[in-house]
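Each chain is listed here by its residues.
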Amino acid sequence: MSSHAMSGPQVVPSVPSTSDRASQTPLAAPADRAEYLRRSKREAIARRSRITLWQLAILAVILGGWEIATRIPWVVQNTIFDPFFVSQPSRIAVRLWAWMQPGPNSIWPHLYLTLQATLLGLAVGAGSGFVVGLALSQNRYLADIMNPYIVAFNSMPRIAFVPLITMFFGLGLASKVVTAWFVVFFLVFFNTYKGGVSIEREMLDFCRTLGGSRSQILWRVRIPTTAAWTFASLPNAISFALIGVVLAEFVGSTTGMGYLMISSLGALNATDMFASVTLLSLVGIGLVYCVRAIERRVLHWLPEFRE
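This one's a predicted model, so the numbers in the text were calculated from it and none came from an experiment.

So, on to unusual backbone geometry. Notably, serine 87 is not glycine yet its phi reads approximately 55°, a positive angle. Along the polypeptide, serine 87 turns up in the loop between helix H5 (83-86) and helix H6 (89-100). Overall, serine 87 belongs to the buried group, its relative accessible area being 0%. Of note in the backbone geometry, leucine 268 takes a positive phi value of approximately 55° without being a glycine. Within the secondary structure, leucine 268 sits in the loop between helix H13 (257-266) and helix H14 (270-298).

Think of an α-helix as turning once every 3.6 residues; residues three or four places apart then point the same way. Taking 1.5 Å as the rise per residue, H14 with 29 residues should run 42 Å; its terminal C-alpha atoms sit 42 Å apart, in good agreement. Among all positions in H14, only Ala270, Thr271, Asp272, Ala275, Ser276, Leu279, Leu280, Val283, Gly284, Leu287, Val291 and Glu295 are buried. Here the buried face of H14 lies against H5, H6, helix H7 (108-138), helix H12 (214-251) and H13. For H14, the N-terminal capping position is held by asparagine 269, with its side-chain oxygen 3.3 Å away from the main-chain nitrogen of threonine 271.

Further remarks concern the nonpolar core. Core analysis: the biggest nonpolar cluster contains 40 residues, and Val184, Val188, Leu234, Met257 and Leu299 have the highest contact counts within it. Put simply, the parts of the chain that give this core at least two residues each are H6, H7, helix H10 (173-197), H12, H13 and H14. For this core, the leading source of residues is H12, giving 11 residues. Aside from chain neighbours lying at most four places away, what touches valine 188 is Gly125, Ala126, Gly129, Phe130, Thr230, Ser233, Leu234 and Ala237.

Throughout the structure, instances matching the rule amount to 11 aromatic pairs. Between phenylalanine 185 and phenylalanine 186, the ring centres sit 5.1 Å apart and the planes meet at 85°, which makes this aromatic pair edge-to-face. Counting every residue linked through ring pairs, the aromatic cluster contains Phe161, Trp181, Phe182, Phe185, Phe186, Phe189, Phe190 and Tyr193. For arginine 158, the ring lying beneath its charged end belongs to phenylalanine 182, and the centroid distance is 6.0 Å.

The full count for this structure, using the stated rule, is four salt bridges. Between glutamate 67 and arginine 71 there is a salt bridge, and its shortest N-O distance comes to 2.7 Å. On the accessibility criterion, arginine 71 (54% relative accessible area) is exposed. We note a salt bridge from glutamate 249 to lysine 176, for which the minimum N-O separation is 3.3 Å. Highlighted residues: glutamate 249 in helix H12 and lysine 176 in helix H10, separated in sequence by 73 residues. Under the relative-accessibility criterion, glutamate 249 is labelled buried at 0%.

Mean pLDDT over the chain: 84, with 90% of residues reaching 70 or higher. Below pLDDT 50 for its whole length, residues 1-28 participates in two contacts with residues either more than four positions away or in separate chains.

Once that is clear, we can look at the side chain of threonine 166. Within the secondary structure, threonine 166 is located in helix H9 (residues 158-169). Overall, the relative accessible area of 8% leaves threonine 166 in the buried class. At a separation of 2.9 Å, a polar atom in the side chain of threonine 166 contacts the main-chain carbonyl oxygen of valine 162.

To continue, consider the environment of isoleucine 294. Mapped onto the secondary structure, isoleucine 294 falls in helix H14. Relative accessible area serves as the criterion here: at 47%, isoleucine 294 is assigned to the partly exposed category. With 63 residues separating them along the chain, isoleucine 294 and phenylalanine 231 place their C-alpha atoms 9.3 Å apart.

Turning our eyes to something else, we now look at the packing of H10 against H12. Contact pair H10 / H12: the axes reach a minimum separation of 8 Å and the direction vectors enclose 160°. In terms of orientation, H10 lies roughly antiparallel with respect to H12. Taken as a pair, H10 and H12 cross one another with a handedness that is right-handed. Of the residues belonging to the contact of H10 with H12, the class tally is 13 nonpolar, 12 polar and three charged.

Criteria and thresholds
Each chain carries its own residue numbering, running from 1 in the direction its sequence is written. pLDDT decides what is reported in this predicted model: residues at 70 or higher carry local features, side-chain atom pairs at 80 or more are listed and counted, and totals for whole chains, interfaces and linings draw on all residues regardless. In computing side-chain values, all of the structure's heavy atoms are included and hydrogens and water are not. By definition, any uninterrupted DSSP run of H or I lasting at least four residues is a helix, any uninterrupted run of E lasting at least two residues is a strand, and each is numbered from the N terminus. Note on classification: 1.4 Å probe, protein chains only; a residue is buried when its accessible area is under 20% of the maximum for its type, exposed when over 50%, partly exposed between these limits. Here the expected length of a helix is defined as 1.5 Å per residue gap, with one fewer gap than residues. Between two residues, a contact is recorded if the distance between any of their heavy atoms is within 4.5 Å. Whenever a nitrogen or oxygen atom comes within 3.5 Å of another N or O atom, the pair is scored as a polar contact, on the condition that within protein one atom can donate a hydrogen and the other can accept it, and that pairs from neighbouring residues in sequence are kept only if both atoms are in side chains. As used in this record, nonpolar core signifies buried Ala, Val, Leu, Ile, Met, Phe, Trp, Tyr and Cys residues forming a set joined through side-chain atoms within 4.5 Å. Stacked, edge-to-face and tilted are the three classes for Phe, Tyr and Trp ring pairs, Trp counted by its six-membered ring, which pair at centre distances within 6.5 Å; planes under 30 degrees apart are stacked, over 60 edge-to-face, the rest tilted. A ring has a charge above it when a Lys NZ or an Arg CZ is no more than 6 Å from the ring centre and no more than 35 degrees off the ring normal. Salt bridge, as used here, is a side-chain nitrogen of Lys or Arg placed within 4 Å of a carboxyl oxygen of Asp or Glu. One confidence number per residue, pLDDT, is output by the predictor and ranges from 0 to 100. Each axis is a line fitted through C-alpha atoms, taken for helices only over the stretch in contact, and angles between the N-to-C directions span 0 to 180 degrees. Small angles under 35 degrees read as roughly parallel and large ones over 145 as roughly antiparallel, with 65 to 115 read as roughly perpendicular and the rest as oblique. Each helix crossing is assigned a hand: it is left-handed if the near helix lies turned anticlockwise from the far helix by less than a right angle, otherwise right-handed if that turn is clockwise. Amino acids are sorted into nonpolar (Ala, Val, Leu, Ile, Met, Phe, Trp, Tyr, Cys and Pro), charged (Asp, Glu, Lys and Arg) and polar (every other residue, Gly among them).

In structure tokens:
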């Protein structure tokens, strides 16, 4: 038998038609990518909507339970839910609305002064903490020398320094800004320093091999890397800046949210106290979201911000 007969049936490969080849070209890729992006956007919107609904539901349960508990006589007599001490959400809402109106009882002058000192202290504290942390991360010898002093200053109780700062800088804006700076500086400094020393030496050597100068490495490698660590510390820095300013207003001030809170405490006015705390909480949330938006713009190259 011939070898042709032994080989069995031959499979002739089919040649794709022109229409088949056209359907396999990369021209369909943009449409697929556009559909993928639209689907991803819809999923992101749906996820944010679900998160918002859950947040509102939790808030409604907390406020509703609080309001109901303060209206049940047995609960008021046998628990901490006495309206004299914890007020009521409805009263707090009415007081906040009254404060928002223009007039002698308006909250805006107090809120403006507290917010002004908070932003100034946050800017000075975050800026100086970033610069010092970045500088020491590039000079490990100097960092080792300064280490015990930095740890010692960071270990000091900051609240104890508030009366001293007020005594040195007076009862005005300066004492509140210095207090906010004092509590913010170390938060930002340690994060920035950790980000600076975490840069791999191989990356720096590779940049030098490619001809990168010291300033280019600083602006293209060191600062972007440490900025990510710095932004991670800012939400806590905002909270501590607010706390520092309010503490300074507790000690010696005739204006600001801290003064309003300490006056409410002296008058045993729980409604004003809780209204002040609520307003400061809303301010803190707003500042954190603003910082988050700035971080998204500045550090758009991070994986968490990529679309």
